[in-house]
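Reading the structure
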Amino acid sequence: MLGKYRIERRLADGGRAAVFQAYDTIHGVKVALKIPEQEVTDEDFLNEFRREARVSMRMEHPNVLPILNACFIDDYFVIAMPLGIETLADRMTRRMSTDLCVNFTRQALAALAHAHGAKIIHCDVKPENFIIFPGNRLRLTDFGFSKIAVRSVRRASGSGTVGYLAPEQALGRPMFQSDVFALGLVIYEMFSGQLPEWPYQWPPPGHARIRGKLKPRILAWLRKAIEFRPQDRYRNAVAMERAFNEIHAKVLRRVR
């Protein structure tokens, strides 16, 4: 037991925190708990968890995972969230239809565009940070690495995850285009089954497979998202989402 929560099993391990499935004995529901791997004694370490909770509270959106509660329990800082079915990373290990991939693409774009509209750079966009709920609802989570863009100055700490890290972010200069790049990689991997790797030359592995699923204009849209130079990508997820919706609408009109 941890306060009112009965820990049932460990779901995931992070660099400095673990996620557990737990049962809320007061409300009678299962939740996900994010808990530091150690008791919180360092103020800087604690401030990162406080900031994650506060940033997430600003992100009210159907495709962003809400925080139910954030508090100290027995010297641990605990963040409680709704419990999903599985991560997008888990789902990608099984066959996915093109329609489902398009559905998840729309929802992922909506979540990241909402964050960018609030001037928040996520900094750790990857399949593990998208949680699937009943009805194939996709929700973006883990704003622990996020940075707030204020007059072109990026605040807070964090690095990201190797494999989805934009070149400029790896050099310590995260920007909105870095999230665009990471999401482009996630979408490419979702459709092709293969994650592009350095030096990100086009066409990446799996191109033949993805070419059979997507129209040329959607492929061009995806290619722009994962361009090596940030100035060659969409300036943020808002622009990326807008471009996708415009292209997809034209494709649907032609089909009809």
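Note that the structure is predicted; figures quoted are calculated from it, not measured. Sequence order sets the numbering: in each chain, residues are counted from 1 along the sequence as written. For a predicted model such as this one, the threshold for reporting local features is a pLDDT of at least 70, and the threshold for listing and counting side-chain atom pairs is 80 or more; totals across whole chains, interfaces and linings nevertheless cover every residue. Hydrogens and water molecules were not included; the side-chain quantities draw on all heavy atoms of the structure.

1. Description of the environment of His114
The secondary structure listing takes helices from DSSP runs of H or I that are at least 4 residues long and strands from runs of E that are at least 2 residues long, numbered from the N terminus. Looking at where His114 falls in the secondary structure, it is placed in helix 3 (residues 98–117). The spacing of His114 and Glu128 is 14 residues in sequence and 19 Å in space, taken between C-alpha atoms. We call two residues contacting when some pair of their heavy atoms lies within 4.5 Å. With sequence-adjacent residues up to four places away left out, His114 is seen in contact with Arg58, Met59, Glu60, His61 and Val64.

2. Here's the deal with the sheet that holds strand 6 (residues 86–87)
Strand pairing follows a simple DSSP-based rule, namely that at least 2 bridges must link the two strands. Strand order in the open sheet made by the three strands is 6-8-9, with antiparallel pairing throughout. Both edges of this open sheet fall to strand 6 and strand 9 (137–140), since each of them pairs with a single strand only. Bridge count for strand 8 (residues 130–133) against strand 9 is four bridges, and the pairing is antiparallel. Looking at strand 9, one finds that Phe133 is bridged to Arg137. Axis angles are defined between N-to-C directions and span 0 to 180 degrees, where every axis is a line fitted to C-alpha atoms and, for a helix, only to the segment in contact. Sheet strands in contact with helix 3 are strand 8 and strand 9, and its direction is about 30 degrees off that of strand 9.

3. Describing the pattern of salt bridges
For salt bridges, the criterion is a side-chain nitrogen of Lys or Arg within 4 Å of an Asp or Glu carboxyl oxygen. Using the criterion set out here, one finds eight salt bridges in the structure. Where Arg10 meets Asp13, a salt bridge forms, and the shortest distance between an N and an O atom there is 2.4 Å. The exposure class assigned to Asp13 is exposed, which follows from its relative accessible area of 54%. In this structure, the salt-bridge partner of Asp124 is Lys126, at a minimum N-O distance of 3.8 Å. Three exposure classes are used, based on accessible area relative to the maximum for each residue type with a 1.4 Å probe and protein chains only: buried under 20%, partly exposed in between, and exposed over 50%.

4. Notes on helix 5 (residues 176–192)
With 17 residues, helix 5 should cover 24 Å at 1.5 Å per step; its first-to-last C-alpha distance of 24 Å lies within 8% of that length. With 17 of its 17 residues buried, helix 5 lies for the most part within the structure. Two residues or fewer past helix 5, Gly193 is found with a positive phi of approximately 85 degrees. Between the first and last residue of a helix there are one fewer steps than residues, each counted as 1.5 Å, and that sum is the expected span.

5. A few points about the side chain of Asn63
The topology assignment puts Asn63 in the loop between helix 1 (43–57) and strand 4 (69–73). By relative accessible area, which is 9% here, Asn63 ends up buried. For Asn63, the side chain forms a polar contact with the side chain of Gln107, separated by 3.0 Å. Not counting chain neighbours up to four residues away, the residues in contact with Asn63 comprise Gln107, Ala110, Ala111, Arg137, Leu138, Arg139 and Leu140. Think of a polar contact as two N or O atoms within 3.5 Å of one another; within protein, one of them needs to be a possible hydrogen donor and the other a possible acceptor, and neighboring residues in sequence only count if both atoms come from side chains.

6. Digging into the nonpolar core
Counting residues in each nonpolar core, the largest one holds 52 residues, and the members touching the most others are Leu88, Leu183, Trp221 and Met240. Sorting the residues of this core by element identifies helix 3, strand 8, strand 9, helix 5, helix 7 (216–225) and helix 8 (237–255) as the ones contributing at least two each. Ranked by size, the runner-up nonpolar core spans 12 residues in total, among them Ala17, Leu46, Ile67 and Met81. Among buried residues, the Ala, Val, Leu, Ile, Met, Phe, Trp, Tyr and Cys ones that are joined through side-chain atoms within 4.5 Å form a nonpolar core.

7. Some words on the packing of helix 5 against helix 7
Two elements in contact, helix 5 and helix 7, have axes whose closest approach is 8 Å; the angle formed by their N-to-C orientations is 135 degrees. By the criterion of interaxial angle, the relationship of helix 5 to helix 7 is oblique. Of the residues in helix 7, those in contact with Val180, Phe181, Gly184, Ile187 and Tyr188 of helix 5 are Trp221, Leu222 and Ala225. Gly is put with the polar residues, along with every residue not named as nonpolar or charged; the nonpolar set is Ala, Val, Leu, Ile, Met, Phe, Trp, Tyr, Cys and Pro, and the charged set is Asp, Glu, Lys and Arg. For the contact of helix 5 with helix 7, the class distribution of residues is seven nonpolar, one polar and no charged. Roughly parallel covers angles under 35 degrees, roughly antiparallel covers those over 145, roughly perpendicular covers 65 to 115, and oblique covers all other angles.

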